[in-house]
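Chain by chain, the residues:
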Amino acid sequence: MTLTTAQLATAQVILDRCDALATHSSSQTGIERVYLSPEHRAVNELAAEWMREAGLAPWQDAAGNLCGRLEGSSPGLPALLLGSHLDTVPGAGRYDGILGVLAAIAVVSRVPAGELPFALEIVAFGDEEGTRFGATLLGSRALAGTWRPEWTGLVDKDGISLGDAATAFGLDPDRLGDAARDPASLVGYLEAHIEQGPLLEDAGRALGVVTSIAAARRLLVTLTGEARHCATPWILRHDALLGASEAILAIERIARENGSPATVGHISVQPDAVNVIPGTAEFSLDLRDESAEGRDLTWLAILAEIERIAADRGLGVAVAEAHTAPAVQCAAELREAIRAGIRWTGDADPLELHSIAGHDAMAIAAVTEVGMLFVRCRGGISHHADESVLLEDVALAVDALQAAVLARAAR
Ligand code: HGY
Ligand code: MN
Ligand code: MN
Ligand code: MN
């Protein structure tokens, strides 16, 4: 499909907006924007402005998600949600989540009010990444009605509680769960997102249909030995960091054998001094698999190996669960709508992909059907400043998302 100047201009607006959002960062060395921060407020204001330009009257929901609604053929019809997230990991790129929100705004600005048999609602979620308070998908879980009141007691690395951050943001910490939507008010949820993997690029495709999202589990493992002077003989040492090092290599081996992606992205030791044997070592484990059963079997094998290593080294083991999410299947009907959308852009046989990355769609699946469109990103690189997308792919993504909405409307 040859793209017109107008299609490319739409995509250029989206890329320019991604650049504008990227300036709202709490860090000077890369983008970082967390839930309920001043940067969160700033990007909501900016995106609200763009929603107004698209003819919407945006509002912020009880959890700090930014929403905008276009009525369908009569006022008050159930809504098809289009969205993704505006928060980022530390050292983020410009497109993870953000591209999906801006593509949704572009689609809604092309659709006349009163045209569709459902309303269209854009949602820009305030928390998907979960990097500030440890629990993840907070914005989307609030909308899905799975908010837990005890989350207001979670604290960030500066000791600020989620409740206090919500108050500073202008929200009522006791009413964050009021963002919940009635399932009867929803038709479904469509999310466009960069692939965050190399499969589309390898296949020479711009877009793909997501089939399912991986089951995930996040754990914190603490090994406890004895902090001692570095003059201590080997035979008397119980070095928690050596145990953790062996455990982490075992995690790699077991996870590779089982085909379950596993990442240890955080480690800390105590007392954390050059001339003291580490007495405790704490590390995170993010474990994923196409099925919850596969994920849990991998974890049981990992845990057995950690316990063996700890016993050999005379270490204690403690495990805390931080997050568990089941695998989510994209709804057949919305997969078909996305497939029709991609076909409309000229790809007769769209590639289907399983998502190892987590998405707001995982949380939204608790309240309505979900479907996802993946957009090629260079080298599959994400969660890094080098995230990059092609102008042409962004133009195709907007067309495909719009065509998917129309396909769902025509059902
Ligand atoms: O962790 C994830 O997969 C997502 O990018 N938040
Ligand atoms: Mn991410
Ligand atoms: Mn994302
Ligand atoms: Mn000494």
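Every value quoted in this text rests on a predicted model; they were computed, and no experiment measured them.

The helix and strand inventory of the protein chain stands at 11 helices and 14 strands. The C-alpha radius of gyration of the protein chain comes to 23 Å, within 12% of the 22 Å expected for a compact globule of 411 residues. If you line up the protein chain on its principal axes, its C-alpha atoms span 75 × 45 × 40 Å. Counting every position in the protein chain, which comprises 411 residues, the buried fraction comes to 50%.

For the rest of this paragraph, the subject is the site of ligand 1. The environment of ligand 1 is formed by E128, E129, A357 and G358. Classifying every residue of the shell around ligand 1 gives 1 nonpolar, 1 polar and 2 charged.

On to the environment of H85. Tracing the backbone shows H85 in strand β3 (residues 79–85). In the structure, H85 is positioned 54 residues away from G139 in sequence and 8.4 Å away in space, judged by C-alpha atoms. With sequence-adjacent residues up to four places away left out, H85 is seen in contact with G97, F125, E128, G139 and D360.

Backbone torsion omega between Q270 and P271 reads 5°, so that peptide bond is classified as cis. Its place among the elements puts P271 in the loop between β9 (267–270) and β10 (280–289). One non-glycine residue, L137, adopts positive backbone phi at about 60°. Assignment of secondary structure puts L137 in the loop between β4 (119–125) and α4 (138–144).

Below, the discussion takes up the UniProt feature "binding site: allantoate" (unreviewed entry) in the protein chain. UniProt tags R218, N275 and R288 as "binding site: allantoate" (unreviewed entry). Across 71 residues in sequence, these annotated residues place their C-alpha atoms as far as 36.8 Å from one another, rather than forming a single compact spot. Summarising the element assignment, N275 is placed in the loop between β9 and β10. Inspection of the secondary structure assignment puts R288 in strand β10. Note on R288: 24 C-beta atoms within 10 Å, which makes it buried. The residues touching R288, leaving out its near neighbours within four places in the chain, are A214, A215, A216, S260, P261, R295 and I356.

The sites that carry the UniProt feature "binding site: Zn(2+) 1" (unreviewed entry) are, in the present numbering, H85, D96 and H193. Across 109 residues in sequence, these annotated residues keep their C-alpha atoms within 9.6 Å of one another, forming a single compact spot. On the neighbour-count criterion, H85 (27 C-beta atoms within 10 Å) is buried. Following the sequence through the fold, D96 ends up in the loop between β3 and α3 (98–110). Under the C-beta neighbour-count criterion, D96 is labelled buried, with 26 such atoms within 10 Å. Those residues in contact with D96, other than ones at most four positions away along the chain, are T88, I194, Q196, S382, H383 and E387.

What follows concerns the domain arrangement of the protein chain. Often, the extent of an interface is quoted as the loss of accessible area on bringing the components together. You can read the domains of the protein chain as domain 1 (5–213 + 327–409) and domain 2 (215–325). For domain 1 and domain 2, the distance between their C-alpha centres works out to 34 Å. Of the residues lining the interface, 9 residues belong to domain 1; the matching set on domain 2 comes to 10 residues. Looking at the side of domain 1 that touches domain 2 residue by residue, the classes come out as 4 nonpolar, 5 polar and no charged.

Here the focus is the pairing of strand β5 (residues 186–194). Judged by how many residues are buried, β5 sits mostly within the fold: 9 of 9 residues are covered. Pairing of β3 with β5, which is carried by 4 bridges, proceeds in the parallel orientation. Considered in β5, the bridge of L81 is made with Y189. One ladder, built from 6 bridges, connects β5 with strand β14 (residues 370–375); its direction is parallel. Considered in β14, the bridge of E191 is made with M372.

Moving on: the nonpolar core. By size, the foremost hydrophobic cluster in this structure holds 99 residues, and its most contacted members are A103, L373, V375, A397 and L401. Two domains share this core, each providing at least three of its residues, namely domain 1 (5–213 + 327–409) and domain 2 (215–325). When sequence neighbours within four positions are dropped, the list of residues in contact with L401 reads A103, V107, L190, A192, G341 and L373. Counting 21 residues, the second largest nonpolar core, distinct from the first, contains L241, A247, A281 and I309.

As a further point, take helix α9 (residues 332–344). For α9, which comprises 13 residues, the first-to-last C-alpha distance of 18 Å matches the rise-based estimate of 18 Å (1.5 Å per residue) to within 8%. Buried residues of α9: L334, R335, A337, I338, R339, G341 and I342, and no others. Summarising the contacts, the buried residues of α9 are in contact with β5, β6 (207–213), β14 and α11 (391–409).

Between helix α1 (residues 5–22) and α3, the least distance of the axes is 10 Å, while the angle of their chain directions is 135°. Between α1 and α3, the crossing angle belongs to the class labelled oblique. Judged by the sense of rotation from one axis to the other, the crossing of α1 with α3 is right-handed. Residues T10, I14, R17, C18 and L21 of α1 lie in contact with α3, whose contacting residues are I98, L99, L102, A103 and A106.

Conventions and cut-offs
Residues numbered from 1 in each chain as written. Chains lettered and ligands numbered in written order. Predicted model: local features only at pLDDT ≥ 70, side-chain atom pairs only at ≥ 80, totals over all residues. Helix = DSSP H or I, 4+ residues; strand = E, 2+ residues; numbered from the N terminus. Rg over C-alpha atoms; globule rule 2.2 N^0.38 Å. Buried ≥ 20, exposed ≤ 12 C-beta atoms within 10 Å, placed from the backbone. Near = placed C-beta within 6 Å. Nonpolar A, V, L, I, M, F, W, Y, C, P; charged D, E, K, R; others polar. Contact = placed C-beta atoms within 7 Å. UniProt positions renumbered as here; feature names shortened; annotations may be inferred. Domains from an automatic or database assignment. Pairing = 2+ DSSP bridges. Core = buried A, V, L, I, M, F, W, Y, C linked by C-beta atoms within 7 Å. Expected span 1.5 Å × (residues − 1). Axes fitted to C-alpha atoms, helices over the stretch in contact; angles between N-to-C directions. Parallel < 35°, antiparallel > 145°, perpendicular 65-115°, else oblique. Left-handed = near helix turned anticlockwise from the far one by under 90°.

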